[in-house]
Amino acid sequence: MSFNIAIDGPAGAGKSTAAKLAAGRLKMIYVDTGAMYRTIALYMLEKQVDIEDESALQKALSEIRIEIAYRDQTQLMILNGEDVSGKIRTPEVSGRASLTAAKPAVRAFLLDLQRDLAAREDVIMDGRDIGTEILPGAQLKIFLTASVAVRAKRRFDELQEKGIPCDLEEISREIYERDQRDMNRASAPLRQAEDAVLLDTSGMNLEEVVEQIVNLAAKAGRT
Ligand code: DC
């Protein structure tokens, strides 16, 4: 049986960076499910699909083939044969991904893909509903969060470092709005599973977060 770790939490809590590093140390495969929602959102954007139109959405989903590849332990998203790993990281796609992820048809489309991966491999899977919906039987569940202010500042620093012009207040507002949408949607809202360990990273640096995940994994039986 595979060993699975579910990490859920809001946008910008540092889940993906920490989970990726922890996966390297634990010799597990890191799966970023947000990237899958982003990939679907990108397709809908590029094809100008009206996602409020149920039949147009279903038709578009039937045209999508999503594959995951790994290069240097980095997850790549392949959409109908094209590597879209860079394209899915724009603010426009971020906003659209949150709207797209609220659609039950989209969540159903990705459910099997995510469960199959976790059944085959030892994965650290990060997302919003991994511990609650996708992998309720995961050996370890972590709810990783940080205050809006801390998350906004981290994202701001990240963008500044890349030379992308940005505004801290605007980023705070976007993060807050995305949290609200992700937590209040009817379909698989973001919430902490009852048996998840809460990890508030507001006062921690990246190494400390990774260390905590690795220690929790060891306690849960991953050596
Ligand atoms: O983690 P991220 O920012 O890449 O996620 C993009 C969007 O997808 C975000 O608005 C939340 C949504 N998402 C989700 O609903 N369920 C998941 N398992 C992962 C992401």
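In what follows, the accompanying structure is described. Quantities reported herein were computed from a predicted structural model and do not represent experimental measurements.

Calculation rules
Residues numbered from 1 in each chain as written. Predicted model: local features only at pLDDT ≥ 70, side-chain atom pairs only at ≥ 80, totals over all residues. Heavy atoms only, no water. Helix = DSSP H or I, 4+ residues; strand = E, 2+ residues; numbered from the N terminus. Contact = heavy atoms within 4.5 Å. Areas by Shrake-Rupley, 256 points an atom, 1.4 Å probe, with all protein chains shown as cover. Lys, Arg positive; Asp, Glu negative; His and termini not counted. Charge placed at Lys NZ, Arg CZ, Asp CG, Glu CD. Pairing = 2+ DSSP bridges. Core = buried A, V, L, I, M, F, W, Y, C linked by side-chain atoms within 4.5 Å. Buried < 20%, exposed > 50% of the residue type's maximum accessible area, 1.4 Å probe, protein only. Salt bridge = Lys/Arg side-chain N within 4 Å of Asp/Glu carboxyl O. Near = heavy atom within 4 Å. Polar contact = N/O pair within 3.5 Å; in protein donor to acceptor, adjacent residues only side chain to side chain. Nonpolar A, V, L, I, M, F, W, Y, C, P; charged D, E, K, R; others polar.

As for the overall build of the chain
Part 1: A tally of helices and strands in the chain yields nine helices and eight strands.
Part 2: Viewed in the frame of its principal axes, the chain has a C-alpha envelope of about 45 × 45 × 35 Å.
Part 3: If you take every contact in the chain between residues at least 6 apart in sequence, the share linking residues at least 24 apart comes to 74%.
Part 4: Counting only carbon and sulfur atoms, one obtains 50% of the accessible surface of the chain, whose full area is about 11200 Å².
Part 5: For the chain, the distance from the average site of its 30 positive side-chain charges to the average site of its 36 negative ones is 2 Å.

Some points on the sheet that holds strand β3 (residues 66–71)
Part 1: Spatially, β3-β4-β5 is the arrangement adopted by the three strands of the open sheet, whose pairing is antiparallel. Where the open sheet ends on each side, the last strands, each with one partner, are β3 and β5 (82–83).
Part 2: Bridging between strand β4 (residues 74–79) and β5 involves two bridges; their strand directions are antiparallel. Bridge pairing in β5 places L79 opposite E82.

Comments concerning the nonpolar core
Part 1: The biggest cluster of nonpolar side chains holds 36 residues, and the ones touching the most others in it are I40, M44, L61, I64 and M125.
Part 2: Listed by contribution, the elements that provide at least two residues to this core are α2 (33–46), α3 (54–63), β4, α4 (91–100), α5 (104–120), β6 (123–127) and α6 (130–134).
Part 3: When residues in this core are grouped by element, the largest group, nine residues, is from α2.
Part 4: With sequence-adjacent residues up to four places away left out, I40 is seen in contact with L61, I64, I66, T100, V106, F109 and L110.
Part 5: With 22 residues, the next largest nonpolar core counts A13, A18, V210 and L216 among its residues.

Here's the deal with unusual backbone geometry
Part 1: Here the phi dihedral of N80 falls at roughly 45 degrees; this positive angle occurs in a residue that is not glycine.
Part 2: You can see N80 is positioned in the loop between β4 and β5.
Part 3: Despite not being glycine, A188 has its phi angle at roughly 45 degrees, a positive value.
Part 4: Along the chain, A188 falls in the loop between α8 (168–184) and β8 (197–200).

Observations regarding the pattern of salt bridges
Part 1: For the structure shown, the criterion picks out 15 salt bridges.
Part 2: Residues E211 and R25 are paired through a salt bridge, measuring 3.2 Å at the closest nitrogen-oxygen approach. Remark: R25 occurs in helix α1 (residues 15–26) and E211 occurs in helix α9 (residues 206–219); sequence separation between them is 186 residues.
Part 3: Classification of E211 by relative accessible area gives partly exposed; the value is 35%.
Part 4: Between R185 and D182 there is a salt bridge, with the nearest N and O atoms lying 3.7 Å from each other. For the residue pair R185 and D182, the accessibility class agrees, reading buried in each case.

Some details on the environment of A217
Part 1: Note on placement: A217 falls in helix α9.
Part 2: For A217, a relative accessible area of 0% translates into the label buried.
Part 3: With 179 residues separating them in the primary sequence, A217 and R38 have C-alpha atoms 28 Å apart.
Part 4: Contact partners of A217, with chain neighbours within four places excluded, come to F3, I5, L26, L140 and R222.

Focus on the site of the ligand
Part 1: In the vicinity of the ligand there are 15 residues, among which T33, R38, R107, R128 and R185 approach most closely.
Part 2: Within the side chain of R178, a nitrogen or oxygen atom sits 3.1 Å from an oxygen atom of the ligand.
Part 3: The fraction of the free accessible surface of the ligand (450 Å²) that becomes covered by protein chains is 95%.
Part 4: In terms of residues, the shell around the ligand owes the most to one element, α2, which gives four residues.
Part 5: Among the residues making up the shell around the ligand, the classes are represented as four nonpolar, four polar and seven charged.

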